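# An overview of the molecular structure
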Amino acid sequence: MSSVKAYAAINSSSPLVPLQIQRRSLKEHDVQVEILYCGVCHSDIHTARDEWGGAVYPLVPGHEIVGIVKAIGSSVSHFKVGQTVGVGVMVDSCRVCKNCNNDYEQYCEEGMTGTYNALERDGSGNRTMGGYSAEIVTDEKYVLRVDAKENLAGVAPLLCAGITTYSPLKFADVKPGTKVAVVGLGGLGHMAVKFAVAFGAEVTVISTSPSKVAEAGKLGAHHFILAKDPSALQSHASSFDVVLDAISADHDYTQYLNLLALNGKLLVVGLPEHQPKVSPFALVKNRRSIIGSMIGGIKETQEMLDFCNEKKIYAEIETIPVSYINDAYARMIKGDIKYRFVIDMSTL
Ligand code: NAP
Ligand code: ZN
Ligand code: ZN
């Protein structure tokens, strides 16, 4: 066991505070990673504040991790000391079910093991602790290769925001000619724009923030609709093939379903606290469907990282010291970030 520095939520309402935590001794397939950067996902806030239920404190959030391999277990074959690696949202799964065997570990029939606030599968009763910490110890099967040689802080958010938007856009076969709208231009939303543009789609941003008009264009989006203007939304009724919903706050799906053309798909990745309303009339019109999607499997996450490395795709980030984390949460809730906070872990 080693004792490492971390930042933790100690209950659902107090600010996060520094905390010393234990990392397990290396098992034969474990990789010990010194964390350089950790992105700040809205799921960290939902969990730290127990908006989804099930939070167990102290709770160390963080699942957009980039770091350097510091040590390896005796049987590790895919990584070596000194290599740059990533750890995302998942650190384990059952490894034997149908979904695990088909590279869909995120949909493990027993439930995947999250990088934080999950019970370890080793029977120890220990809970996983995330990336707002100096180090993490993870089985090599759930560690990703990071080949990028620059902007490693901009790579970190790919481990969640990146794969969570890449995977459903691929599943929906977004390609040249596809008309895509991205709703909610935050950490996930801005990556969805970058990927949809990279796949050749015609991309529209739908945002509640007038301040993001110019920025959306810089990300490569072709059009912008202000979500607070119902007439603007109505004028685009039945006009998109795909709408990707990355909104973190409670909202109804119906107004976004109405934007879909024949066979259009609403790709839901946002996970607000309360359940949205859906009008069956909006659903049956144009034979629309709602498709949920959770991160991506390890194989697809590696594919996404390699794609980003080849195309030089990074997240747009604001790098922060770890002591700024509570201010960062407050700003994210106000939508005041373009587009992802990333903690520089050398400040811990
Ligand atoms: P984020 O950076 O905070 O962005 C959320 C965006 O939602 C904001 O930038 C804002 O965009 C929009 N928004 C916020 N409040 C709104 C409101 N009241 N009405 C309408 N729009 C609002 O969050 P994130 O990290 O991208 O995460 C987004 C959601 O995805 C969270 O719920 C998170 O838990 C979830 N998530 C899911 C998965 C998965 O596997 N499915 C993975 C990671 C995260 P505008 O300013 O453009 O309106
Ligand atoms: Zn996340
Ligand atoms: Zn499984």
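This text follows the structure it describes.
Calculation criteria
- Residues numbered from 1 in each chain as written.
- Chains lettered and ligands numbered in written order.
- Predicted model: local features only at pLDDT ≥ 70, side-chain atom pairs only at ≥ 80, totals over all residues.
- Heavy atoms only, no water.
- Phe/Tyr/Trp six-rings, centres within 6.5 Å; stacked < 30°, edge-to-face > 60°.
- Helix = DSSP H or I, 4+ residues; strand = E, 2+ residues; numbered from the N terminus.
- Buried < 20%, exposed > 50% of the residue type's maximum accessible area, 1.4 Å probe, protein only.
- Lys NZ or Arg CZ within 6 Å of the ring centre and 35° of its normal.
- Patch = residues over 30% accessible without salt bridge, like charges linked within 9 Å, V, L, I, M, F, W, Y side chains within 5 Å.
- Areas by Shrake-Rupley, 256 points an atom, 1.4 Å probe, with all protein chains shown as cover.
- Salt bridge = Lys/Arg side-chain N within 4 Å of Asp/Glu carboxyl O.
- Donors = N, O, S within 2.8 Å, 3.2 Å for Na, K, Ca; no water.

The final tally for this structure, using the stated rule, is eight aromatic pairs. Their ring planes at 70° and their centres at 5.7 Å tell us that Tyr166 and Phe199 sit as a pair that is edge-to-face. In this pair, Tyr166 is assigned in helix H4 (residues 161–171) and Phe199 in the loop between helix H5 (187–198) and strand S11 (202–207), connecting sequence segments 33 residues apart. Just as Tyr166 is buried, Phe199 falls in that class too. Grouping aromatic residues by their ring pairs yields a cluster made of Tyr166, Phe195, Phe199 and Phe307. For Lys170, the ring lying beneath its charged end belongs to Phe199, and the centroid distance is 4.8 Å. The side chain of Lys179 reaches across the aromatic face of Phe240, ending 6.0 Å from its centre.

Residues Tyr104, Tyr107 and Met294 make up a contiguous nonpolar surface patch of about 280 Å² in total accessible area. With respect to the element layout, Tyr107 can be found in the loop between helix H2 (98–101) and strand S7 (113–114). A relative accessible area of 33% places Tyr107 in the partly exposed class.

Glancing now at the coordination of the zinc ion (ligand 2). Coordination of the zinc ion (ligand 2) by the protein comes from Cys41 (SG), His63 (NE2) and Cys160 (SG), over a distance range of 2.0 to 2.2 Å. Sequence positions of the residues that donate to the zinc ion (ligand 2) give the spacing C-x21-H-x96-C. Taken together, the positions of Cys41 in the loop between strand S3 (30–39) and helix H1 (42–48) and His63 in the loop between H1 and strand S4 (65–72) put the pair 22 residues apart, joining distant regions of the chain. Classification of His63 as buried rests on a relative accessible area of 5%.

Summed over all chains, the structure comprises 15 salt bridges. In this structure, Arg331 engages Glu318 in a salt bridge whose closest nitrogen and oxygen atoms are separated by 3.0 Å. Of the two residues, Arg331 sits in helix H11 (residues 325–333) while Glu318 sits in strand S16 (residues 317–321), which places them 13 residues apart along the sequence. For Arg331, a relative accessible area of 17% puts it in the buried group. Within the structure, one salt-bridge network assembled from shared partners comprises Arg24, Asp30 and Glu120.

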